[in-house]
Structures are given as structure tokens and as C-alpha cells.
Amino acid sequence: MTTTLDTRSRQTTSQRWTALINGKKLQRIIAPAVAITSVLVLWQLLCSLPGATLPTPTQVVSDTWELIVNPFYQGTGTNKGLFWQIAASLQRVAIGYTAAAIVGVALGILIGVNRLFYAGLDPLVQVFRTIPPLAWLPISLAAIQKSELAALFVIFITAIWPILINTAVGVQRIPADYNNVARVLKLPKLKYFFKILLPASLPYIFTGLRLGIGLSWLAIVAAEMLIGGVGIGFFIWDAYNSAKVSDIILALLYVGLVGLLLDKLVGFAGSLIVPAERK
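What counts, and at which threshold
- Residues numbered from 1 in each chain as written.
- Predicted model: local features only at pLDDT ≥ 70, side-chain atom pairs only at ≥ 80, totals over all residues.
- Heavy atoms only, no water.
- Axes fitted to C-alpha atoms, helices over the stretch in contact; angles between N-to-C directions.
- Helix = DSSP H or I, 4+ residues; strand = E, 2+ residues; numbered from the N terminus.
- Left-handed = near helix turned anticlockwise from the far one by under 90°.
- Contact = heavy atoms within 4.5 Å.
- Nonpolar A, V, L, I, M, F, W, Y, C, P; charged D, E, K, R; others polar.
- Core = buried A, V, L, I, M, F, W, Y, C linked by side-chain atoms within 4.5 Å.
- Buried < 20%, exposed > 50% of the residue type's maximum accessible area, 1.4 Å probe, protein only.
- 1 Å grid on protein atoms, 1.4 Å probe; cavity = no way out; pocket = protein on both sides within 12 Å on 5 of 7 lines; lining within 4 Å.
- Points joined across faces, edges and corners; volume = space filled by probe spheres on them.
- Phe/Tyr/Trp six-rings, centres within 6.5 Å; stacked < 30°, edge-to-face > 60°.
- Salt bridge = Lys/Arg side-chain N within 4 Å of Asp/Glu carboxyl O.

## Comments concerning the packing of helix α5 (residues 82–113) against helix α10 (residues 189–227)
Right, on to step 1. Between α5 and α10, the least distance of the axes is 8 Å, while the angle of their chain directions is 145 degrees. At the point where α5 passes α10, the crossing takes the right-handed sense. Residue-level inspection shows I86, S89, L90, R92, V93, Y97, A101, V105, I109 and V113 of α5 in contact with α10, the latter providing F193, L197, I205, L209, G212, I213, S216, W217, I220 and E224.
Right, on to step 2. When its residues are assigned to classes, the contact of α5 with α10 shows 15 nonpolar, 3 polar and 2 charged.

Here's what the structure looks like:
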């Protein structure tokens, strides 16, 4: 009898652990933890081999410990902590991206509702959107003559295309029934814009905005490597010139985390604004 009870107890405990591991919440914690640990272990093993040119994770932490624990350090010139370097980059991204969002959404709506504008501007959009972000930097420096404004222009011109294209596609894909109802009710243009066009296009607009913020962050890091000044891009380039590989790896990790947060932030804003029936 005692043996039977012990067996049942063990089975119950085993089943509980199985149910716990199979739980979605635990999976969301365990799966990334296992993946990250595996990458770190593999990195540690590969970079510990003779002849390895990159530092191990433990060496990176050791080399950059002062940067990690003093993110708010304020030195002279570009000698600042990583918080200030990232803050400077984010400030540039905020300005360039906001301008791209305003112009991109407005032009996208115009192209979406007007076939003449679509026919005229579509070839230009298809050509310009394929130009790499850094290819815009020399021409913007030549035209504007100021590195700060040139960097903002690079962010703007990089982010605007996915915003514009997705907005235009969203407007063009408004269900025909919605437009028919608007015609039957003879809705004024302003009311049609706020009641039908904008709500129906929001999912596409926010898809473009999410793509745009990611490209903006990529563009500013690359642009800052060339224009100099305070910013995470220049920090990476300066660390490369000083042969501080561990500083570069730490900065790249921060760049990735900030890019992820920006994407999640725009996605969260979209989840709050997009109507539930359009998600």
C-alpha cells in the first residue's frame, strides 16, 4: 500500500513538472535562456582556441566593465558613457524618423487615392528605395554642407520608403464595400478620411512605421561612423581605430537591444491605436 502511494506521488510530481515545462509561459523563459546560454558557451569555446582573434564573453565583460557600470560618465568632447552615446543617436533618429513618418504617411495616402500620382511617383519610389542608406550620405553632405543635417537627411530618406509604400498599399486595399457604403451615404471627404480611410489603412501604416524605425536605427549607426561626434556609431568606429574589440562587441550588443526596444515600442503603439477588428 505504501509502495503504491509512493508511486502515485512520484507520478504526480513528474506530471506536474511535465505540465510546468510544457506551459507556454515557462517555455518563453526557458527557450531563450537555453539559446542564449548555448551561443555564449559556443562563443567562449571558439574564442578560447589558439589563434582566435576575438575575445571571449568573459574577456569582453572584463575589458568593458568600466563602460558597463558607468554608463552616465561625462568626459570632454566625445569621451562620454554609453548612455549619452545612445541618447545622442536616439535624438537624431527621433528627428529624422518623425519627419519621414509625417511625409511618408501623407505621400502614401496621396499616392493610394490618386491613380495619376501613383503612375507618376511609383517609378521614382521604386528606384530611390533600392539605394543603400550610406550612398545618400556623400550627396547630402555635398548639398547641405553640415554633417548633423546630413545625418538627419540619411535617416529621413532611409525610413520614408517602407512607410510610404505600406501606406499606399493600405489605402489601395480598403475593402470595396467600405467605399460603396461611403458613396451611398455620400460621406463628405473629411468624414470619409477619418471614418473609413484612416482606420482601414492603420495596420499597413504601422507595418511601414515598424520597418522604418528599424531602418532608421541601422542608418544612424552607419552614418555616425562617417560624420563623427557623440553617438553610438562614432563610438564603434573610434573603438575600432583604437583596437578596442571588446568595446565594439559591447556597443553592438547595446545597438541590438535598443533596436529591439524601438521595434517593440512602435508595435505596442500600433496595438493601442489599430482597431481590434483590423488587427
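Having seen the structure, we can now continue with the description.
## What to know about the nonpolar core
Right, on to step 1. Ranked by internal contacts, the top residues of the largest apolar core, which has 53 residues, are V93, Y97, I163, L209, W217, I220 and I232.
Right, on to step 2. The set of elements that each furnish at least two residues to this core consists of α5, α7 (133–144), α8 (147–172), α10, α11 (232–241) and α12 (245–273).
Right, on to step 3. Look past the residues within four positions of I163 in its chain and what remains in contact with it is Y97, A100, A101, G104, V105, G208, L209 and G212.

## Re unusual backbone geometry
Right, on to step 1. Positive phi, close to 70 degrees, is recorded for Q145, a residue that is not glycine.
Right, on to step 2. Here Q145 is to be found in the loop between α7 and α8.
Right, on to step 3. A positive phi is found at A243, a non-glycine position, where the angle reads about 60 degrees.
Right, on to step 4. Within the fold, A243 resides in the loop between α11 and α12.

## Examining the layout of surface pockets
In this approach the atoms are scanned with a rolling probe the size of a water molecule, which exposes any empty space left behind.
Right, on to step 1. Size it by volume and the largest pocket reaches roughly 400 Å³.
Right, on to step 2. Taken together, 15 residues form the lining of the largest pocket, with G112, V113, N179, R183 and Y192 sitting closest to its centre.
Right, on to step 3. Contributions of two or more residues to the lining of the largest pocket are made by α5, α6 (115–128), α8 and α9 (176–185).

## A short note on the packing of aromatic side chains
Right, on to step 1. Following the criterion strictly, the structure yields 8 aromatic pairs and no others.
Right, on to step 2. With a centroid separation of 6.4 Å and 70 degrees between ring planes, the pair formed by F72 and W84 is classed as edge-to-face. Of this pair, F72 sits in the loop between α4 (65–69) and α5 while W84 sits in helix α5; the two residues are 12 residues apart in sequence, bridging distant segments of the chain.
Right, on to step 3. On the basis of relative accessible area, W84 is assigned to the partly exposed category, the value being 30%.
Right, on to step 4. Consider the rings of F128 and W136, whose centres lie 5.8 Å apart with planes at 70 degrees: the pair is edge-to-face.
Right, on to step 5. Looking at F128, the relative accessible area reads 33%, which means it is partly exposed.
Right, on to step 6. Classification of W136 by relative accessible area gives buried; the value is 13%.

## Regarding the pattern of salt bridges
Right, on to step 1. Taken as a whole and assessed by the stated rule, the structure comprises 3 salt bridges.
Right, on to step 2. The residue R92 makes a salt bridge to E148 at a minimum N-O spacing of 2.8 Å. Remark: E148 occurs in helix α8 and R92 occurs in helix α5; sequence separation between them is 56 residues.
Right, on to step 3. When its relative accessible area of 38% is taken as the criterion, E148 is described as partly exposed.
Right, on to step 4. Put simply, R92 and E224 hold a salt bridge, and the shortest N to O gap is 2.4 Å. You can see R92 sitting in helix α5 and its partner E224 sitting in helix α10, a full 132 residues away along the chain.
Right, on to step 5. For E224, a relative accessible area of 0% corresponds to the buried category.

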